[in-house]
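# Geometric and topological summary
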Amino acid sequence: MLEPMDIYRLTRYLREQGELVTGTEDVLARYAHPAWLMDNFPVFLLNTVGKSGICTFLKEGRCSVYEARPRVCRLYPFSVGPGERDQDFQYLLCTEKPHHFAGGIVKVKDWLSQNFTEEDKDALKADYDVIPTLGRNVLAMSEKEFRPLMFQFLYYRYYNYDLDQPFLPQFRSNLEQLRKLTGGGST
């Protein structure tokens, strides 16, 4: 699943690499497809290729957008969610492949400081603050009520970014528009 910051970061990176992209809409059209998260929340998923379904950015066994890779790739082999008991986040080690750390010990805090910026943390916090409300509001709507709002919903979530401006202020403004759009009011 691609998050808004992922799209912003990928678009800027691809533009810097000389790819003909002018906005997030170009990257979404070429490299992602829309899907429903839990039947009520529209998201974009990164395209895959081939029978094995590998990432569209995997070239010759290497990530071709490593510097701008999505959050899920930045976190691998960890997963992150909102924490409990006054902790900002809870980190979990993915254990589907027991050989991940056969060569030594990795401290989560060291690994995260190398792969997860303050901007990443702030964007994730802002998203986690609004996602439950947006999800409830969208779920409470009938399909007939939500259908005319879907483009606006996706617009504020994924498209409404000026690549020459910082991400976080734009993202926060877009989240506020999404709250209003879905009947959540302002913060």
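Whatever comes next refers back to the structure up there.
What comes next concerns the included structure. (Residues numbered from 1 in each chain as written. Predicted model: local features only at pLDDT ≥ 70, side-chain atom pairs only at ≥ 80, totals over all residues. Heavy atoms only, no water.)

So, on to the overall build of the protein chain. Scanning the protein chain from N- to C-terminus turns up eight helices and eight strands. Expressed as a percentage of the 187 residues in the protein chain, the buried residues total 41%. The long-range share in the protein chain, meaning contacts at least 24 apart out of those at least 6 apart in sequence, stands at 55%. As presented, the protein chain carries roughly 11300 Å² of accessible surface, and 52% of it is formed by carbon and sulfur atoms. (Helix = DSSP H or I, 4+ residues; strand = E, 2+ residues; numbered from the N terminus. Buried < 20%, exposed > 50% of the residue type's maximum accessible area, 1.4 Å probe, protein only. Contact = heavy atoms within 4.5 Å. Areas by Shrake-Rupley, 256 points an atom, 1.4 Å probe, with all protein chains shown as cover.)

What follows concerns unusual backbone geometry. Positive phi is not limited to glycine here, since Glu60 has a value of about 55 degrees. Along the chain, Glu60 turns up in the loop between β5 (58–59) and β6 (62–63). Look at Glu60 and you get exposed, because its relative accessible area is 83%.

What follows concerns helix α8 (residues 167–181). The terminal C-alpha atoms of α8, which comprises 15 residues, lie 21 Å apart, in line with the 21 Å expected from a rise of 1.5 Å per residue. Regarding α8, the residues found buried are Phe167, Leu168, Gln170, Phe171, Asn174, Leu175, Glu176, Leu178, Arg179 and Leu181. Buried residues belonging to α8 abut α1 (4–16), α5 (118–140) and α7 (150–159). Note on α8: the residue one or two positions beyond its end, Gly183, has a positive phi of about 85 degrees. (Expected span 1.5 Å × (residues − 1).)

Quick look at the pattern of salt bridges now. For the coordinates displayed, the defined rule picks out eight salt bridges. When the shortest N-O distance is used, the salt bridge between Arg147 and Glu143 registers 2.1 Å. Like Arg147, the residue Glu143 is exposed in the burial classification. (Salt bridge = Lys/Arg side-chain N within 4 Å of Asp/Glu carboxyl O.)

Turning next to the nonpolar core. The biggest cluster of nonpolar side chains holds 39 residues, and the ones touching the most others in it are Leu14 and Phe171. If you list the elements that add at least two residues to this core, you get α1, α2 (24–31), β2 (41–46), α5, α7 and α8. Not counting chain neighbours up to four residues away, the residues in contact with Phe171 comprise Pro4, Ala123, Ala126, Asp127, Arg157 and Tyr161. (Core = buried A, V, L, I, M, F, W, Y, C linked by side-chain atoms within 4.5 Å.)

Turning next to the environment of His33. Of note, His33 is situated in strand β1 (residues 32–37). Residue class for His33 comes out partly exposed when judged on its relative accessible area of 32%. Residues in contact with His33, not counting those within four places in the same chain, are Val43, Phe44, Leu45, Leu46 and Asn47. In this structure the side chain of His33 is engaged in a polar contact, spanning 2.8 Å, whose partner is the side chain of Asn47. (Polar contact = N/O pair within 3.5 Å; in protein donor to acceptor, adjacent residues only side chain to side chain.)

By the definition in use, this model includes eleven aromatic pairs. With a centroid separation of 5.3 Å and an interplanar angle of 25 degrees, the aromatic rings of Tyr161 and Phe167 are classed as stacked. Judged by relative accessible area, Tyr161 falls into the buried class, the value being 8%. Here the aromatic residues Tyr8, Tyr161, Phe167 and Phe171 are joined through ring pairs into a cluster of three or more. For the cation-ring pair, Arg69 lies above Tyr66, with the distance from its terminal atom to the ring centre recorded as 3.8 Å. (Phe/Tyr/Trp six-rings, centres within 6.5 Å; stacked < 30°, edge-to-face > 60°. Lys NZ or Arg CZ within 6 Å of the ring centre and 35° of its normal.)

Take the state of the cysteines next. Here the structure, examined in full by the defined rule, presents zero disulfides. The structure places no disulfide on Cys55, whose sulfur is separated from the nearest cysteine sulfur, that of Cys73, by 6.1 Å. According to the relative accessible area criterion, Cys73 is partly exposed, its value standing at 39%. (Disulfide = S-S within 2.5 Å.)

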